[in-house]
Structures are given as structure tokens and as C-alpha cells.
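# Coordinate inspection notes
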Amino acid sequence: MQELGNAAEYLRISGSGRNALDFHIAYLPFLKIANAGSEADKVAAIVANLRSRGTSRPRKLKTLSGTIKAQFQKSLGEADVEVLIQALLSEGYLTLDGESVSYNLPTS
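Residues numbered from 1 in each chain as written. Predicted model: local features only at pLDDT ≥ 70, side-chain atom pairs only at ≥ 80, totals over all residues. Heavy atoms only, no water.

Looking only at helices and strands, one finds five helices and two strands in the protein chain. Its helices and strands taken in sequence order, the protein chain reads α-α-α-α-α-β-β from the N to the C terminus. Looking at the protein chain as a whole, 25% of its 108 residues qualify as buried. Residue pairs in contact within the protein chain that sit at least 24 positions apart in sequence constitute 52% of those at least 6 positions apart. If you sum the accessible surface of the protein chain, you get close to 7,700 Å²; carbon and sulfur atoms cover 52% of it. (Helix = DSSP H or I, 4+ residues; strand = E, 2+ residues; numbered from the N terminus. Buried < 20%, exposed > 50% of the residue type's maximum accessible area, 1.4 Å probe, protein only. Contact = heavy atoms within 4.5 Å. Areas by Shrake-Rupley, 256 points an atom, 1.4 Å probe, with all protein chains shown as cover.)

Given below as C-alpha cells:
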């Protein structure tokens, strides 16, 4: 994490229960997502997130847009989300039928 410089910070664990560390470790993927710089890194993070959702992936384009914004902690604008969706389409991860979304995600 030191390599990230000002882009990351250490956080003190505030809990002391049996699962306190587990709850904090669950936030580590957000560190990787927040530091995804290139479009390819962001697309890879989105694909990984969608794969991890199994069958509970967004079924509508509007819901997918909201999911992507939430994944990047709402730091992306509408235009940025549209660029990422177009990248997912052009790489064959998504297909659209009107507002309905279908997925063709890699298995690993």
C-alpha cells in the first residue's frame, strides 16, 4: 500500500468482536477498484464484480449503470459509465436487446 502514496491510507480497525477483521477485509476489493486507472482496469474490475454476482446481475441497462457507479463509489459521471458500457459491449461481455442486458462473461 505504500506504493500508492496519497491515493491510499491506513485505517484503524474500530471493532473488537470475533469478526471485526473479516468486516474490514471485505473492503479491500474497493481499494483495487478505486485505484483502477485505465479503462481496461475498470472493465476488468466490472467483469470481476459481475462474475461474482452469479445470477443476480443487473438485467436492465439503467440498473447496470447504477451498479457500475456504485462499484466506483459514484466517482464516475454518466459519460464515463457510458464509455465503460460501450467497452463491455465491444469486448463481447454484454449484449443489449432494447434496455435488457445479457452477459457473456468468462468463467475464470
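Here strand β1 (residues 94–97) runs beside strand β2 (residues 100–103); their pairing, made up of four bridges, is antiparallel. Its bridge partner lying in β2, leucine 96 is registered against valine 101. (Pairing = 2+ DSSP bridges.)

If you look at the biggest cluster of nonpolar residues, it comprises 18 residues, and the most contacted ones within it are Ile46, Leu64, Ile68, Ile85 and Leu88. Taken together, the elements giving at least two residues each to this core come down to α3 (39–52), α4 (61–71) and α5 (78–90). Residues within four places of leucine 88 in sequence aside, it is in contact with Val43, Ile46, Val47, Ile68, Tyr93 and Leu94. (Core = buried A, V, L, I, M, F, W, Y, C linked by side-chain atoms within 4.5 Å.)

Bringing α5 into the picture now. Helix length check: α5, at 13 residues, gives a terminal C-alpha distance of 18 Å against a target of 18 Å (1.5 Å per residue), a fit within 8%. For α5, every residue scored as buried is listed here: Val81, Leu84, Ile85, Ala87 and Leu88. Buried positions in α5, seen along its axis, are confined to an arc of 155° and lie on one side of it. Counted as exposed and oriented over 90 degrees from the buried face of α5: Glu78, Ala79 and Ser90. Elements in contact with the buried residues of α5: α3, α4 and β1. Once α5 finishes, glycine 92 follows within two positions and takes phi at roughly 85°, a positive value. (Expected span 1.5 Å × (residues − 1). Arc of directions from axis to C-beta.)

Here the focus is the packing of α3 against α4. Between α3 and α4, the least distance of the axes is 11 Å, while the angle of their chain directions is 110°. By the angle between their axes, α3 is roughly perpendicular relative to α4. Seen from above, α3 lies across α4 with right-handed handedness. Side by side, α3 and α4 meet where Ala45, Ile46, Asn49 and Leu50 of the first sit next to Leu64, Thr67, Ile68 and Gln71 of the second. Here the contact of α3 with α4 is built from residues that sort into five nonpolar, three polar and no charged. (Axes fitted to C-alpha atoms, helices over the stretch in contact; angles between N-to-C directions. Parallel < 35°, antiparallel > 145°, perpendicular 65-115°, else oblique. Left-handed = near helix turned anticlockwise from the far one by under 90°. Nonpolar A, V, L, I, M, F, W, Y, C, P; charged D, E, K, R; others polar.)

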